[in-house]
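# Results of the structural survey
So you can see what is in the structure, the chains are spelled out below.
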Amino acid sequence: MIISSKLRKLDIRLQVKSGTKPRAVNAAKWIVALLWLCFMPPIQFAKAQTTKSAGSIHKIVVLSDAGNSATARHGVSKLEDTLRARGITVSESAADVSNADAVVLAGISGGNGPAATALGNEASPSGAESLAVRVGTSYQKKPAIVLCGGDGAGLMYAALDLAQRVSWTKPGSDPFTFARSTDERPFLRDRGVVIFTMNRAYFESHLHDPHYWERYFDMLAEDRINELVLTFGYEDGGYMAPLYPYFFNVDGFPDVKVVGLTPEQQKQNFDSFRTMIRLAGERGIRIKPGIWEHIYRGARGAGQDGKIEWASDGTHPTPGLVWGLNADNLVPYTVAALDKFYSLFPEIKETQFRMHNESGLFDSEIDGFWHDIFHFYSTRRPEIELELRAKGLAKSVIRDAQAQGVHVHIDTKIWMEQMGLPYHPTHINRQDQGNSRHSYADLLEYPKTYWVNWSLWNGGTQRLLEWSDPDYARRIAQSARLYDGHGFAFTEMEATKMLSDPPDDPPRNFLNDRYKYFDYEFERYWAFYRVMGRLAYNPDTPTDVWEQEYVQRFGPDAGPHAMRALELSSRVLPRVVAASIPYSMFPTTMGWTEMMHIGSLPIYAAREEGSDIAQFENVRDEAKRILAGGDTAMQRPEDISRWFSQTSEGILREATAAEQASHGTPSKELKATLTDARILAGLARYHAALQLGAVAYNLYKLSGSLPAFDQAVEYQRKAVEAWREIVKTAGDQYIDNMYFGTSLRGFPHHWKDELPALEKEFAELVEERQAAQSKPGAKAVLPPADVNAVAPVVALIPGSSSGAPVSVDFKVRAKVTAPAGVRWIRLRYRHVNQKEDYETLPMTEEGTSGIYSASIPGAFITAQWDLMYYVEIVDGHGTGKIYPDLEHDTPYVIQSVVH
């Protein structure tokens, strides 16, 4: 049946070239068909041409049966606009087919329109947002392309993809040069971007600009992002805390209002929000409000002291903030406000809530508040899905919601409030191991009673500089499938822009106006949204989706080098977060590796630990190990430093090649992109020096070795030089007053703000060295790097695909290749529960096969948790490594258990 289906599809392709009507294939065609079945992948073409010669397509008929789907109509309209921009006449009339050069058939599966009919039931896409595209077909003897969606959104995605491919062609050439046949369906159901409303003037400049939302949502739709999480009330000094009175009044609560907000301004807010929701919906994007503050109490013990210089303490009426809420009316007001909110904005079907005391609730209020709110949803709004933020969320609160019949799921972070590497950390920092602040904690238990949505807090890390790494985007999307997850969200670029800026300060671009090449600043970050959205929809998305865009923007010579420079530079800050920061930089509102220097070398040497403490050795343990002569399988500071140095060199090499390929006339956009990449290359050099300098300083502190102190001084000199180069590279590309956080928490406004402190700290380090006394016999120094060391290789043998049986020993086996022999190899394992530490078992060789194994005891395997494990190995030369290798894979194996 499958073969005959494929043959029918092939027959369509064969008969198109001959221009004949469908007929049975002859013997020769059957032979060709069988060869095609054996050697060609089904319906996957990177490029296909219509039968018209290049440049001969001047008139195209688009026949669409999108019906009442505004989403589908949006996609088809964008395709038609793109064709017209290429000088092509577009008609929507079937009467014009006879005079057309080509036809586009667009429709939705299950209908009777030409697209669905052309594909037939077997080939039509099924499921939400699924799509099929067929290139090289025909319609009424005219070359045709078929676009079909499983629903309106799927058709929109197919049409927008084709429009994008048409845009890569030059006017007058074949517009379908880059068109391809494909079948796609979403890998992750929910693909969201998170916006914070941190500054009133900045947010309202967008809220009241429909053209902004049209452009923003156009971009999100093209990149197949289908959800916008609009977060109200986060580190904003009380703005939108809570959101309701900014949009409407609530009957029975005349005293709860926004101080100074006029009825006209409130109506404008309401109308603008309605417009925003409509424009999003037309593009297949759901608005999910994130209600993060229920009452504003300032610094009065409710977790809302954001250290914002101008913020109110919440004890008196303040212009622009809500007044009139108190402990007595909080619950009844919130219930009434929520009910009216859903009545006024019926398109909203899901709401996210912050659950703990940073929402303004006192600890003593939390359980009662949520019990009453859940009662409202169960009795008045049972259709609304609730997303509960995991931080500070007690399991008793989850059970309360479920007992009342409320539909809830959990949202939690992937890698604390920063952008770490593209997997869930192997072992989180111990400071928060006992709670759910970092990530999933002990929430992934069975039997499963909720699903988990995963959020990447990239906005705490890469806030300003351009970012795009397809490998990272692909791997982080795959990581979001943990616990059968189907939702993933990331913060928009410049997510905390103007945080701590006074609320009435005029919005401004952070890129200096003389270098501006965009209408809206988010357009700078097209490559970020492209890879994050498209690869969350389909991890196998063809690379031309972004590669061709670089060519269009920067030319065929410079484009590939610019792309590679940006990909390499995008890997710097996630590595800094994972391997080279003190844990105090955990919160988005307190740590910013993109622009903050890490502190003096002595402070860094005492506090650095990274944020995957199973994969990366900290600088203190490295010093202790050098003195003791020990070994480790972890990545050592020496390895981390080498990675930073090599990555920096690669970035600079590609940036130089891109600049040279522009033939001395780089565009503003290319200059800005390469400047950002070079700044990140400087940050990589800074951390390369910092890592080794901190180890050397710790060697001095532990042993009294002045030669080690001399090494520390020299490495810190290199770190300061790297920062000076960053300042020089940035030049005046960015304005001086960029606000991404409060000065009371040490947030700078430009890289040059950090330089005086760096130079002062270096002078103090030199003074400390001059005053240091020699300790007899203390000569320990950083050993020279063994650049020729070859790590042993471990290939893990896959475990049971049907799940590990409960209470039965589970054997882990691995093939080892170690020319220097095996000094030791061990298995590390735990449940998929971050509150646990890893257990350890030695692995032993099975005879002389090179296969090593160890068995997780059956007593450890329960139905409550899945298992996770990895292997550590050190060879006879002392070279170590952990497998799976984090450079290419998630660095542990998740083994399901039979539940």
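Above this text sits the structure in question.
Residues numbered from 1 in each chain as written. Predicted model: local features only at pLDDT ≥ 70, side-chain atom pairs only at ≥ 80, totals over all residues. Heavy atoms only, no water.

This next bit is on the overall build of the chain. Across its full length, the chain carries 21 helices and 25 strands. Against the globule reference of 29 Å for 899 residues, the chain gives a C-alpha radius of gyration of 29 Å, in line with a compact fold. Seen through its C-alpha atoms, the chain measures out along the principal axes to roughly 95 × 80 × 65 Å. Of the accessible surface of the chain, which amounts to about 33,800 Å², a share of 52% is contributed by carbon and sulfur atoms. A gap of 5 Å separates the mean positions of the 96 positive and 111 negative side-chain charges of the chain. (Helix = DSSP H or I, 4+ residues; strand = E, 2+ residues; numbered from the N terminus. Rg over C-alpha atoms; globule rule 2.2 N^0.38 Å. Areas by Shrake-Rupley, 256 points an atom, 1.4 Å probe, with all protein chains shown as cover. Lys, Arg positive; Asp, Glu negative; His and termini not counted. Charge placed at Lys NZ, Arg CZ, Asp CG, Glu CD.)

Let's shift gears to the packing of aromatic side chains. The description of two aromatic rings rests on the distance between their centres and on the angle between their planes. Counted according to the given criterion, the structure contains 63 aromatic pairs. With a centroid separation of 5.0 Å and 90° between ring planes, the pair formed by Tyr829 and Phe860 is classed as edge-to-face. Of this pair, Tyr829 sits in strand 19 (residues 822-831) while Phe860 sits in the loop between strand 22 (851-856) and strand 23 (867-875), and the two are 31 residues apart along the sequence. Given the relative accessible area of 6%, Tyr829 is considered buried. (Phe/Tyr/Trp six-rings, centres within 6.5 Å; stacked < 30°, edge-to-face > 60°. Buried < 20%, exposed > 50% of the residue type's maximum accessible area, 1.4 Å probe, protein only.)

Right, let's get into the sheet that holds strand 22. Strand order in this open sheet of four strands is 17-18-22-21, and the pairing throughout is antiparallel. Two strands in the sheet have a free side with no partner beyond their single neighbour: strand 17 (793-796) and strand 21 (844-845). (Pairing = 2+ DSSP bridges.)

A few words on the sheet that holds strand 2 (residues 89-91). Spatially, six strands are ordered 2-1-3-5-4-6 in an open sheet, and the strand pairing comes out mixed. At either end of the open sheet lies a strand with only one pairing partner, and these are strand 2 and strand 6 (182-184). Each strand axis lies, on average, 20° off the axis of its neighbour in the sheet, ignoring direction. Here six bridges tie strand 3 (residues 102-108) to strand 5 (residues 142-149), and the two strands are oriented parallel to one another. Each bridged residue has a counterpart across the sheet, and for Gly107 the counterpart in strand 5 is Cys148. Packed onto the sheet, helix 3 (residues 70-85) meets strand 1 (59-64), strand 2, strand 3 and strand 5 and runs at close to 175° relative to strand 1. (Axes fitted to C-alpha atoms, helices over the stretch in contact; angles between N-to-C directions. Contact = heavy atoms within 4.5 Å.)

All right, on to unusual backbone geometry then. Along the chain, Tyr446 connects to Pro447 via a cis peptide bond; the corresponding omega equals 0°. Along the polypeptide, Pro447 turns up in the loop between strand 14 (408-413) and strand 15 (452-456). Notably, Glu235 is not glycine yet its phi reads approximately 50°, a positive angle. Among the secondary structure elements, Glu235 is positioned in the loop between strand 8 (227-232) and strand 9 (257-258). Phi at His663 takes a positive value of approximately 60°, unusual for a residue other than glycine. Inspection of the secondary structure puts His663 in the loop between helix 18 (637-661) and helix 19 (668-703).

Turning our eyes to something else, we now look at the nonpolar core. Grouped burial of nonpolar side chains is what soluble globular proteins tend to show. Counting 203 residues, the largest nonpolar core has Tyr216, Phe217, Leu228, Phe273, Tyr529 and Trp751 as its most contacted members. Among the elements that line this core, the one with the most residues is helix 19, at 19 residues. Excluding anything up to four places from it in sequence, Phe217 contacts Leu228, Met276, Leu279, Ala280, Arg283, Ile285 and Ile287. (Core = buried A, V, L, I, M, F, W, Y, C linked by side-chain atoms within 4.5 Å.)

Where helix 15 (residues 572-579) meets helix 18, the closest approach of the two axes is 11 Å, and the angle between their N-to-C directions is 170°. For the element pair helix 15 / helix 18, the angle class is roughly antiparallel. Between helix 15 and helix 18, the residues in contact are Val572, Arg575, Val576 and Ala579 and Ile640, Trp643, Phe644, Thr647 and Ile651, respectively. When grouped by side-chain class, the residues that make up the contact of helix 15 with helix 18 number seven nonpolar, one polar and one charged. (Parallel < 35°, antiparallel > 145°, perpendicular 65-115°, else oblique. Nonpolar A, V, L, I, M, F, W, Y, C, P; charged D, E, K, R; others polar.)

We now examine the environment of Pro748. Checked against the element boundaries, Pro748 lands in the loop between helix 20 (706-730) and helix 21 (755-771). Given the relative accessible area of 4%, Pro748 is considered buried. In this structure, the C-alpha to C-alpha distance between Pro748 and Ile414, residues 334 residues apart in sequence, is 26 Å. Sequence-distant contacts of Pro748, that is, excluding residues within four places in its chain, are made with Trp592, Met595, Met596, Met738, Asp753 and Glu754.

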